[in-house]
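A structural walkthrough
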Amino acid sequence: MSSLLQLFTRQGAFFLFAALEVVCLYLIITYNTPQQEVAASTWKMYSGEFMNRASKAQDYFHLQQLNDQLREENANLLSKLPNAFYIEALSNDTIQDDSLRQRYNYIAGEIINKSAPSANITYVVNRGHIHGVEPHLGVINGEGVVGIVTQVAQRHCRVMSITHHSVRISAGLRNKDFFGTLRWNGGDTRKAKLYAIPEYADVIIGDTIETTGYSNIFPTGVPIGSVLSKEINEGDNTLELEVELFNNLYGVKDAYIVRDLMKDDLNQLDNQE
Amino acid sequence: MNKAITNSIIRFFLLWVVQVFVLRQVIWGWDGIVYLQVFLYPLFILLLPLNTPRSLTVFLGFVLGLAIDWLYESPGLHAGALVFTAYMRAVVLGILTPREGYSIKDSPTKKSLGQTWFFQYAATLILIHLFVYFSLEAFTFVYFKSILLKVLFSWLASMFFLLASIYAINPEA
């Protein structure tokens, strides 16, 4: 402290000089317009540059925080993409009409997985027990028949397509009274065969094949395909029709699971026998 | 009261009056810029006795500068330049020390230290003063050439008036 005082007394002239110059500069900047303008613009220039640098440096410090924020935002946006949703909502189409009683209703679903392209195509549909799906329900879409539900989980079900060895569908000719059984015998997945049509049926190539509704799996009149060729089965005098399927079974996307509301009623008949 | 002090007090007021009422009118320039001004008032700092404390010299420079600024309507400008000049006086005196040294009771005048010495002394300090003044006036070195021109013209004019007054009065202290 004493050395500081000593320094001050020895260099008093310098300190006085410096102090007075500061006072003068202050007076100049405060009371002289031209110098004030120069000082102001210089100050702005340097302070602007300084602020730029400071904010740049600050950006680096905030980088981590910014990253976290962006990651959070990304996750938020990802969760808003359509594929992030398991659609819990059911859209059951029900017709309100007093003279008509609802027989079938449809559970809208989406095919979310398909078996590898081979024989016996199967699908996984994002509907299960909690949506009311049961085994042996039919599945259709806008083009026609898709398949039949085989296994059901809580939220998903497995569907075997009509080109599966174990599928039998009651099918008939549209606007004609003949019907038989549709079956797939392997091979081309675009074609199936309809058996047990009486020999005398006037089948024309190109006739539409549709479901009959007799099996309680599909409603009546769901299109299946069109007749490609006919052949007489010598053994029992029936026609064997080759059917070209309407559905491209590898391209299907939508699935409407058909629920027969009168299945129990119909089953009672079987039990009574 | 010491004669040197009395003379200094008289010079303070005299130089102030002459500067703000007479020499202020002497200006010359072109294109709307004043390149020539006459500053005689640093003579007060120049002629202060050699034994004046440096702090006092600086302080007196500040006071006279403010007094000049008062009527020049440029607060701080002349004061800033004159404070600098007053501080630099000791440096210039140190550089220009005669071979036999200063006599502590002297004043740095032409009569006591000779014509050549006084010319060097005054020329250097007036140059310093003008350079600081015009730098403060521009407040930036962007127009450095203009500052140098102003310093040159004003230095010639100021030195003329300064030497003329010294030769006319030739004070000892």
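What follows is about the overall build of chain A. Of the regular secondary structure elements, chain A holds four helices and twelve strands. Here chain A holds 273 residues, and 34% of them are scored as buried. Summarising the internal contacts of chain A: among those between residues at least 6 apart in sequence, 56% fall at separations of at least 24. For chain A, the exposed surface amounts to about 17300 Å²; the carbon and sulfur share of it is 54%.

We now examine the sheet that holds strand E12 (residues 254-260) of chain A. Residue and element names in this part refer to chain A. Read around the closed barrel, the six strands follow the order E1-E2-E5-E4-E3-E12; overall the barrel is antiparallel. The average angle at which neighbouring strand axes cross in this sheet is 45°, direction not considered. Note: strand E1 (residues 104-114) against E12, seven bridges, orientation antiparallel. The residue bridging Tyr106 from the neighbouring strand is Val258, located in E12.

This part covers the domain arrangement of chain A. For chain A, the assigned domains read domain 1 (2-77) and domain 2 (104-272). On a C-alpha basis, the centres of domain 1 of chain A and domain 2 of chain A stand 82 Å from each other.

So, on to helix H3 (residues 54-72) of chain B. Here H3 of chain B is 19 residues long and its end C-alpha atoms lie 26 Å apart, about the 27 Å a rise of 1.5 Å per residue gives. Those residues of H3 of chain B that are buried are in contact with helix H2 (12-31) of chain A together with helix H1 (3-22), strand E2 (33-37), helix H2 (42-46) and helix H4 (77-95) of chain B.

The next subject is the packing of aromatic side chains. A ring pair, where both rings are aromatic, is described by two values, the distance of the centres and the angle of the planes. All names here are of chain B. This structure, assessed with the given rule, holds 26 aromatic pairs over all chains. When the ring of Trp30 is compared with that of Tyr35, the centres are 4.2 Å apart and the planes differ by 20°; the resulting orientation is stacked. The exposure class of Tyr35 is buried, given its relative accessible area of 8%. When the centroid spacing of 4.8 Å and the interplanar angle of 80° are considered together, the rings of Phe39 and Tyr133 count as edge-to-face. Of the two residues, Phe39 is situated in the loop between E2 and H2 and Tyr133 in helix H6 (residues 115-138); the sequence distance between them amounts to 94 residues. Here Arg24 stacks its cationic end above the ring of Tyr72, 5.2 Å away from the centre of that ring. The ring of Tyr87 is capped by Arg54, whose NZ or CZ atom sits 3.8 Å from the centre of that ring.

This next bit is on the pairing of strand E7 (residues 179-183) of chain A. Residue and element names in this part refer to chain A. Pairing between strand E6 (residues 168-173) and E7: five bridges, direction antiparallel. Of the residues in E7, the one forming a bridge with Ala171 is Gly180. Hairpin geometry of E6 and E7 is characterised by an intervening segment of five residues between the two adjacent antiparallel strands and by a positive phi of about 65° at Asn175.

This part covers the interface of chain A and chain B. Taken together, the contact pairs 18 residues of chain A with 21 residues of chain B. Summing both partners gives a buried area of about 1600 Å² for chain A against chain B, and 79% of it is carried by carbon and sulfur. The largest contributions to the chain A side of the interface with chain B come from Phe17, Leu20 and Gln35 of chain A, which together make up 30% of the buried area. Scanning the region where chain A abuts chain B turns up zero salt bridges. Counting every contact that joins chain A to chain B gives six residue pairs in polar contact (both at pLDDT 80 or more). Listing elements by their share of the side of chain A that touches chain B, those giving two or more residues are H2 and helix H3 (33-78) of chain A. Take the side of chain A that touches chain B: its biggest share by element is 14 residues, from H2 of chain A.

Turning our eyes to something else, we now look at the nonpolar core. Within the largest apolar cluster, 49 residues are counted, with the highest numbers of intra-cluster contacts made by Leu43, Leu64, Phe118, Tyr121 and Leu162 of chain B. Elements with a contribution of two residues or more to this core: H1, H2, H3, H4, H6 and helix H7 (144-169) of chain B. Top element by residues in this core is H6 of chain B. It accounts for 13 residues. Ile148, Val159, Leu241 and Ala255 of chain A belong to the second largest nonpolar core, which has 46 residues in total.

Residue and element names in this part refer to chain A. Inspection of the secondary structure puts Thr122 in strand E2 (residues 122-125). For Thr122, a relative accessible area of 14% translates into the label buried. Non-local contacts of Thr122, meaning those with residues more than four positions away in its chain, are made with Asn113, Lys114, Ser115, Arg158, Val159, Met160 and His164.

The next point concerns the packing of H1 of chain B against H3 of chain B. All names here are of chain B. Direction vectors running N to C along H1 and H3 enclose 30°, while the axes themselves pass 10 Å from each other. When the axis of H1 is compared with that of H3, the two are roughly parallel. For the crossing formed where H1 meets H3, the hand is right-handed. Each of Phe12, Trp16, Gln19, Val20 and Phe21 in H1 lies in contact with H3, whose residues at this interface are Leu60, Val63, Leu64, Ala67, Ile68, Trp70, Leu71 and Tyr72.

How each quantity is defined
- Residues numbered from 1 in each chain as written.
- Chains lettered and ligands numbered in written order.
- Predicted model: local features only at pLDDT ≥ 70, side-chain atom pairs only at ≥ 80, totals over all residues.
- Heavy atoms only, no water.
- Helix = DSSP H or I, 4+ residues; strand = E, 2+ residues; numbered from the N terminus.
- Buried < 20%, exposed > 50% of the residue type's maximum accessible area, 1.4 Å probe, protein only.
- Contact = heavy atoms within 4.5 Å.
- Areas by Shrake-Rupley, 256 points an atom, 1.4 Å probe, with all protein chains shown as cover.
- Pairing = 2+ DSSP bridges.
- Axes fitted to C-alpha atoms, helices over the stretch in contact; angles between N-to-C directions.
- Domains from an automatic or database assignment.
- Expected span 1.5 Å × (residues − 1).
- Phe/Tyr/Trp six-rings, centres within 6.5 Å; stacked < 30°, edge-to-face > 60°.
- Lys NZ or Arg CZ within 6 Å of the ring centre and 35° of its normal.
- Buried area = accessible area lost by both parts, 1.4 Å probe.
- Salt bridge = Lys/Arg side-chain N within 4 Å of Asp/Glu carboxyl O.
- Polar contact = N/O pair within 3.5 Å; in protein donor to acceptor, adjacent residues only side chain to side chain.
- Core = buried A, V, L, I, M, F, W, Y, C linked by side-chain atoms within 4.5 Å.
- Parallel < 35°, antiparallel > 145°, perpendicular 65-115°, else oblique.
- Left-handed = near helix turned anticlockwise from the far one by under 90°.

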